[in-house]
2 protein chains.
Amino acid sequence: MAAIRPGALDPARPLAAVPPGDPGDPGLAESVARCLNDFFTARRGAADPTDPRFDGEVVARLERFTLLGGKRIRPTFAWWGWRAGGGPGSGPGAAAALRAVSALELIQSCALIQDDVMDGSPTRRGQPALHREYAEAHRSGSLRGSPRRYGESVAVLAGDLALAWADDMLDDALDGTDRRARVRAPWRAMRTEMIAGQFLDLHAQAQADVSEPTALRVARLKTAAYSVERPLEFGAALAGAGSGAVAALRSYGSDVGTAYQLRDDLLGVYGDPAATGKPIGDDIREGKPTLLLAIGLRRARERGDPAAADTLRGAVGDPGLTDADVRAVGALLDDLAARSAVEAHMRALLDSGLAHLAGAPFAATARDALTALAGHAVARLR
Amino acid sequence: MAAIRPGALDPARPLAAVPPGDPGDPGLAESVARCLNDFFTARRGAADPTDPRFDGEVVARLERFTLLGGKRIRPTFAWWGWRAGGGPGSGPGAAAALRAVSALELIQSCALIQDDVMDGSPTRRGQPALHREYAEAHRSGSLRGSPRRYGESVAVLAGDLALAWADDMLDDALDGTDRRARVRAPWRAMRTEMIAGQFLDLHAQAQADVSEPTALRVARLKTAAYSVERPLEFGAALAGAGSGAVAALRSYGSDVGTAYQLRDDLLGVYGDPAATGKPIGDDIREGKPTLLLAIGLRRARERGDPAAADTLRGAVGDPGLTDADVRAVGALLDDLAARSAVEAHMRALLDSGLAHLAGAPFAATARDALTALAGHAVARLR
């Protein structure tokens, strides 16, 4: 496994800074942000004649949300899918590929904005969630009706706009090339799987289904497929990669993506909110099916410890849990060896994911980057 | 103006049955439904491996919602845009155009499903709204959490799926042709304007802004542009129509589409729920900006009738209005001559719309169909 620079292991550091330098790639996250900025600059001009208020209150806020955003995980994996598939690191083809992979961030804006509405999350990246911003504008303007309902409705519309404009951005990026047909299958799968993953998550919460198969299924669909495997496939398809390279990338992506979700689950209970930007325990409060909880529940049963099982079952889906309660649940899951089991599972997925790179026909740069990205999935948790 | 068959004037009859027979067009609404059915048949197979539960609970319900649906207004205008633009009425080109115009129904499924969530509407086309269906499934399954929130969340996801799949259906329809670039501008405008129109509507309700300029602005954006003008432009662009034909269609569409919305506003107060499929007075209860109410408020002021103005202002946005209250408001608006003013405005728009057809280079079949469609906009209200 390639050496990972110490700075790259800091979970608070943008993931896009992790890949080892690629000639012509001064900073992937910055490049993605620039592509998104260019797209919005062009589209804001087009939206203004539609209605200045729409442009100012929906388009501008969506733009800010998207530009401030996150770790650019999906464009990063898509870019390295492109490079692993033989796409060049610079030149006009690379510039078009960069614009195409940046469109994945618009799908993600839709997913995050609407997830926050559905989960009733007050914050995102340490800032008020978009539906809260709109509700606050309603409240401070003393407008008519329910601020909550107004905020949620306008946020859903901002998400719709992001989803529709993702297709427009892809279309612009691939205009005049023969690449549209190539990326059709992964592009479609990505959008549908984003929606299906969110549905399964809601459904499992409503069913109070915190079983291991369900937890793994949601992790596979919502994170591994939508966020890692399909972006890799998308990038490779864009480059016209052969079926062997695509298969290796997808297998790697499925394993690494699942590991990435397991790490996220662990950070959600044991992480430092100052570093992760989100409060601990939300998955438990919302009753989300995580492997960590599912294993904990099974271990409590196996150990014949009804008190532990009752504590866990009582915590799942309880919106009133305090941080101290969450830490107590975390300690119990540690005691039940659920945490160590998830860490072991994560390591096994990482090893399996890296094994798929071994025989694959990738250039050294791409292989090193993919290795580093996989390492990031388990950073600070080994 | 072409003769309109008596049956075509029945507002309960599908609009798609209105156009005079086009050789090779046995029934536009049926053809659209068949295209949608074919698309869903292919996609359900693709969704099932994603997750059988998603396929059964989201895809299948979206399919039923879309197939049962409505008057197919947008595909109808798009089809006649295609014919007016010189597209053939039968043959492989026509079949592809029919598939492309049918994709507009998926954008509309998204709009309707999410509108019902935002407005809290309990029914759609006389059936429970989709979010109510999901809430009921949650309730009858004794699931965890709030049935209302679950129902709204899953309905929003079903709407997202419709929006994403609209692009896929268009992409399938135009695969292997050079038409994608041609329809880019109207396709993009249609999706953005659907979202912008819904935002403006929510915003005007929150601002309690029932002014004439706002009412006309929402009607122009939400109905005239999204439902009529852009579909016509889309169909004409698909056929490769010249700029003169496109300009005539757009001007016709803007006028007729606005008239169509004014008719809808009138039906919302004076219509027969058994024929329209929706309760009377919802626009008033929700505080939607309609020209009817805006003119009524102005007339009450002009007449120096503070009691009438108070009655109207008190009714706007009052969810507790009974049907008898709505009928009393309707009588008051009649008395204030607001109803007759809207009818006159509608007739003027119709005349202006038809005048745009006069010099346009359309075949007689297309001109007759567009004339009949315009006539339908004011049917039973003259």
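Calculation notes
Residues numbered from 1 in each chain as written. Chains lettered and ligands numbered in written order. Predicted model: local features only at pLDDT ≥ 70, side-chain atom pairs only at ≥ 80, totals over all residues. Heavy atoms only, no water. UniProt positions renumbered as here; feature names shortened; annotations may be inferred. Helix = DSSP H or I, 4+ residues; strand = E, 2+ residues; numbered from the N terminus. Buried < 20%, exposed > 50% of the residue type's maximum accessible area, 1.4 Å probe, protein only. Contact = heavy atoms within 4.5 Å. Buried area = accessible area lost by both parts, 1.4 Å probe. Salt bridge = Lys/Arg side-chain N within 4 Å of Asp/Glu carboxyl O. Nonpolar A, V, L, I, M, F, W, Y, C, P; charged D, E, K, R; others polar. Least-squares fit on C-alpha atoms with pLDDT ≥ 70 in both. Phe/Tyr/Trp six-rings, centres within 6.5 Å; stacked < 30°, edge-to-face > 60°. Lys NZ or Arg CZ within 6 Å of the ring centre and 35° of its normal. Axes fitted to C-alpha atoms, helices over the stretch in contact; angles between N-to-C directions. Parallel < 35°, antiparallel > 145°, perpendicular 65-115°, else oblique. Left-handed = near helix turned anticlockwise from the far one by under 90°. Disulfide = S-S within 2.5 Å. pLDDT = per-residue confidence, 0-100. Core = buried A, V, L, I, M, F, W, Y, C linked by side-chain atoms within 4.5 Å.

The name given to chain A in an unreviewed UniProt entry is Geranylgeranyl diphosphate synthase type I, and the organism recorded there is Murinocardiopsis flavida. Word for word, the UniProt comment on chain A under Cofactor (unreviewed entry) is "Mg(2+)". Per its UniProt entry, chain A bears the Sequence similarities (unreviewed entry) comment "Belongs to the FPP/GGPP synthase family."

Novice: Please clarify how the overall build of chain A should be interpreted in this entry.
Specialist: In terms of regular secondary structure, chain A is built from 17 helices and two strands. In terms of its C-alpha atoms, chain A occupies a principal-axis envelope of roughly 65 × 60 × 35 Å. The proportion of buried residues among the 382 residues of chain A is 60%. Of all intrachain contacts in chain A linking residues separated by at least 6 positions in sequence, the fraction that spans at least 24 positions is 76%.

Novice: Looking at this structure, how should I read the interface of chain B and chain A?
Specialist: Size of an interface, as often reported, equals the accessible area lost when the parts are brought together. At the interface, 56 residues of chain B touch 56 residues of chain A. Roughly 5,300 Å² of surface becomes buried between chain B and chain A when both sides are summed, with 55% attributable to carbon and sulfur atoms. The largest contributions to the chain B side of the interface with chain A come from Arg144(B), Arg188(B) and Phe199(B), which together make up 14% of the buried area. The interface formed by chain B and chain A contains 18 salt bridges. A salt bridge links Arg217(B) to Asp51(A); the nearest nitrogen and oxygen atoms lie 2.7 Å apart. Grouping the constituent residues of the side of chain B that touches chain A by class yields 24 nonpolar, twelve polar and 20 charged.

Novice: Would you take a moment to explain the relation of the copies chain B and chain A for this structure?
Specialist: Between the two copies of this chain, the relationship is a rotation about some axis together with a displacement along it. Each copy superposes on the other: chain B lies on chain A with an RMSD of 0.0 Å after a rotation of 180° and an axial shift of 0.0 Å. A rotation of that kind, with that shift, is consistent with a two-fold axis. Of the residues that chain B buries at the interface, 100% are likewise interface residues in chain A, meaning the two copies contact each other through the same surface.

Novice: So what exactly am I meant to see when it comes to helix H6 (residues 130-140) of chain A here?
Specialist: In an α-helix, one turn spans 3.6 residues, which is why side chains three or four residues apart end up on the same side. Along H6(A), the positions that sit buried rather than exposed are Leu130(A), His131(A), Glu133(A), Tyr134(A), Ala135(A) and His138(A). Looking at the packing, one finds that the buried side of H6(A) touches helix H2 (52-68), helix H5 (104-119), strand E2 (127-128) and helix H7 (147-174) of chain A together with helix H8 (180-207) of chain B. Phi for Ser142(A), located one or two positions after H6(A), is positive at around 50°.

Novice: Looking at this model, I keep getting lost on the pattern of salt bridges. Mind explaining?
Specialist: Once the charged atoms of two side chains with opposite charge are near each other, the side chains can pair. Taken as a whole, this structure holds 74 salt bridges over all chains when the rule is applied. Measuring nitrogen to oxygen at the nearest pair gives 2.6 Å for the salt bridge that ties Asp171(A) to Arg184(B). Of this pair, Asp171(A) sits in helix H7 while Arg184(B) sits in helix H8, which puts the two residues in different chains. Grouping residues by exposure puts Asp171(A) and Arg184(B) together as buried.

Novice: Which parts of the structure should I look at to understand the packing of aromatic side chains?
Specialist: When we look at a pair of aromatic rings, we describe it by the centre distance and by the angle of the planes. Residue and element names in this part refer to chain A. Tallied over the full model, the rule gives ten aromatic pairs over all chains. For the ring pair Phe40 and Trp165, a centre distance of 6.1 Å and an interplane angle of 55° mean the geometry is tilted. Taken together, the residues Phe40 in helix H1 (residues 28-50) and Trp165 in helix H7 connect sequence positions 125 residues apart. Taken as a pair, Phe40 and Trp165 share a single burial class, namely buried. Ring-pair connections join several aromatic residues into one group, and the members of that group are Phe39, Phe40 and Trp165. Stacked on the ring of Trp165, the Lys or Arg Arg43 has its end atom at 4.5 Å from the ring centre.

Novice: I would appreciate a short explanation of unusual backbone geometry in the present structure.
Specialist: Across the chain, the bulk of peptide bonds are trans and the bulk of non-glycine residues have phi less than zero. Residues and elements named next belong to chain B. Of note, the phi angle at Ala208 is positive, near 55°, even though the residue is not glycine. As for its position among the elements, Ala208 is in the loop between H8 and helix H9 (212-238). One non-glycine residue with positive phi stands out, namely Ala337, at about 60°. In this fold, Ala337 is placed in the loop between helix H15 (323-335) and helix H16 (338-358). Judged by relative accessible area, which is 26%, Ala337 ranks as partly exposed.

Novice: I tried to follow the environment of Leu297(B) on my own but got confused; where do I start?
Specialist: Residues and elements named next belong to chain B. Secondary-structure assignment places Leu297 in helix H13 (residues 291-302). Considered as a pair, Leu297 and Arg367 are 70 residues apart in the sequence and their alpha carbons are 38 Å apart. Not counting residues up to four positions away in its chain, the partners in contact with Leu297 are Val210, Ala309, Leu312 and Arg313.

Novice: I tried to follow the packing of H5(A) against helix H8 (residues 180-206) of chain A on my own but got confused; where do I start?
Specialist: Helices that pack against each other are described as a pair by the angle of their axes relative to one another and the distance between those axes. Residue and element names in this part refer to chain A. Direction vectors running N to C along H5 and H8 enclose 15°, while the axes themselves pass 11 Å from each other. Comparing their axes, H8 and H5 come out roughly parallel. The handedness of the crossing between H5 and H8 comes out as right-handed. Note on element contacts: H8 touches H5 through Trp187, Met190, Arg191, Met194, Gln198, Leu202 and Gln205, opposite Leu104, Ile107, Cys110, Ala111, Asp115, Met118 and Asp119. The class makeup of the residues in the contact of H5 with H8 is nine nonpolar, two polar and three charged.

Novice: Can you walk me through the state of the cysteines in this structure?
Specialist: Such a bond, covalent and formed between the sulfur atoms of two cysteines, is termed a disulfide. On inspection of all chains with the given rule, the structure shows zero disulfides over all chains. Here Cys110(B) stays unpaired: no disulfide links it, and the sulfur of Cys110(A), its closest cysteine neighbor, is 9.4 Å away. Overall, the relative accessible area of 1% leaves Cys110(B) in the buried class.

Novice: Would you mind going over the confidence of the model for chain A with me for this structure?
Specialist: A low pLDDT score tells you not to read the predicted coordinates there in detail. Confidence along chain A averages 88 in pLDDT terms, with 92% of residues attaining 70 or more. Under a pLDDT of 50 for its full length, residues 1-24 of chain A has, in the predicted model, 49 contacts with residues more than four places off or in other chains.

Novice: Help me out: how do you make sense of the nonpolar core in this one?
Specialist: Burial of nonpolar side chains together is a common tendency in soluble globular proteins. Judged by nonpolar contacts, the single largest core of 242 residues is most densely connected at Phe234(A), Phe362(A), Leu370(A), Phe234(B), Phe362(B) and Leu370(B). In this structure, Phe234(B) is in contact with Ala78(B), Ala100(B), Val101(B), Leu104(B), Leu170(B), Val183(B), Pro186(B), Trp187(B) and Met190(B), ignoring residues within four places of it in sequence.

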